[in-house]
Amino acid sequence: MKRIGVLTSGGDAPGMNCAIRAVVRKAIFFGLDVTGIQRGYSGLINGELREMNLSSVADIIHRGGTILRTARSETFRTPEGRAKAAEHLREMGVEGLVIIGGDGSFRGARLLSNEHGIKFIGVPGTIDNDIPCTDYCIGFDTAVNNVVDAINKIRDTATSHERTYVVEVMGRNSGFIALEAGLAGGAESILIPEMKTNLDDVIEKLYRGLQRGKLHSIIVVAEGAGSGIDVGNVIKEKTGLDTRVTILGHIQRGGTPTSFDRVIASRMGAMAVDLLIEGKDRKMVGVVSGELKDFDIDYALSREKTIDKSVYELAGILAI
Ligand code: F6P
């Protein structure tokens, strides 16, 4: 193998830059050339490719987002779009790709592999942390810390005004951010798509808290479990309590990556290069109980990642 390519795709995640840096520097360490693909699959189709060197990834370890930019490409969903993408890779002499992104990005890479034989290794990067076969996806720790930071601030004003706050967090189809940040932020209730929650139970808990003198309540809602505004409206209507809703939105995805994200992203990016050099293909890097492993992409994409129910129950018990 002489040349590899690297791209980021889907929603950006803090730590992606550390992974790019690791891919580029580890590959150069082994004497490979590296092509950086701008704007994910969209840039691949448009031929937005550039040569990467040691300096291309200097001074990015602390920066959120992705220096390669990212996109969600509709054209790549078409066979014509993928044919164009493969053509650009062949022209550049790229023999293997490192895809940093979520499961949608890996599904795209798999199609490129099926139809055009492009080798690839996936590196899980999404704040949602919802990719199977890995305990951890790049960006999750930073996003959770962003949410906890916001909850701390909301708590100050919630206590001062003796209000109930509904905080809606990201997680398109999953409750990992909500669960982790809800536990760390001491939320009274956590609503996630993986667990059915009856709003009457949430309200009962609110009343119990008020009876024992609680000055405020915080309810964390994963966007995949429903709208924070709807939850807030129901609580307001049924209880008459002074209730406010905060939708944290994209603020969760930004900011300097935590050291945890930096380290795991560096390790995962470097391992992706090792796998390509070993001749591996259609794999995903994952971390299981702290150890890096590789998984067959078909296997990984056929699995479902589940939340740890004991953590959910614990959060409920501690916020009684
Ligand atoms: O990257 C994952 C994610 O942040 C989800 O939690 C969220 O639903 C989605 O991306 C938002 O996507 P976009 O930035 O395209 O609006």
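Residues numbered from 1 in each chain as written. Predicted model: local features only at pLDDT ≥ 70, side-chain atom pairs only at ≥ 80, totals over all residues. Heavy atoms only, no water.

## Description of the domain arrangement of the chain
Taken as a whole, the chain is organised into domain 1 (3-139 + 257-302) and domain 2 (141-253). Computed from C-alpha coordinates alone, the two centres of domain 1 and domain 2 are separated by 34 Å. The interface of domain 1 with domain 2 comprises 14 residues on the first partner and twelve residues on the second. Of the roughly 1,100 Å² buried at the junction of domain 1 and domain 2 (both faces included), carbon and sulfur atoms supply 49%. Viewed at the interface, domain 2 and domain 1 are joined by one salt bridge. With a closest N to O distance of 3.0 Å, Arg 253 and Asp 12 form a salt bridge. The interface formed by domain 1 and domain 2 includes ten residue pairs in polar contact (both at pLDDT 80 or more). Of the residues in the side of domain 1 that touches domain 2, the class split is five nonpolar, four polar and five charged. (Domains from an automatic or database assignment. Contact = heavy atoms within 4.5 Å. Buried area = accessible area lost by both parts, 1.4 Å probe. Salt bridge = Lys/Arg side-chain N within 4 Å of Asp/Glu carboxyl O. Polar contact = N/O pair within 3.5 Å; in protein donor to acceptor, adjacent residues only side chain to side chain. Nonpolar A, V, L, I, M, F, W, Y, C, P; charged D, E, K, R; others polar.)

## What about the pattern of salt bridges?
With the rule as written, the count across this model stands at 20 salt bridges. The salt bridge partner of Glu 74 is Arg 77, with a shortest N-O separation of 3.4 Å. In this structure, Glu 74 and Arg 77 share a single accessibility class: exposed. One salt bridge in this structure joins Asp 298 and Arg 282, with 3.2 Å as the shortest N-O distance. Placement of Asp 298 in helix H10 (residues 297-302) and of Arg 282 in the loop between helix H9 (259-277) and strand S10 (283-288) is noted, with a sequence separation of 16 residues between them. When its relative accessible area of 18% is taken as the criterion, Arg 282 is described as buried. (Buried < 20%, exposed > 50% of the residue type's maximum accessible area, 1.4 Å probe, protein only. Helix = DSSP H or I, 4+ residues; strand = E, 2+ residues; numbered from the N terminus.)

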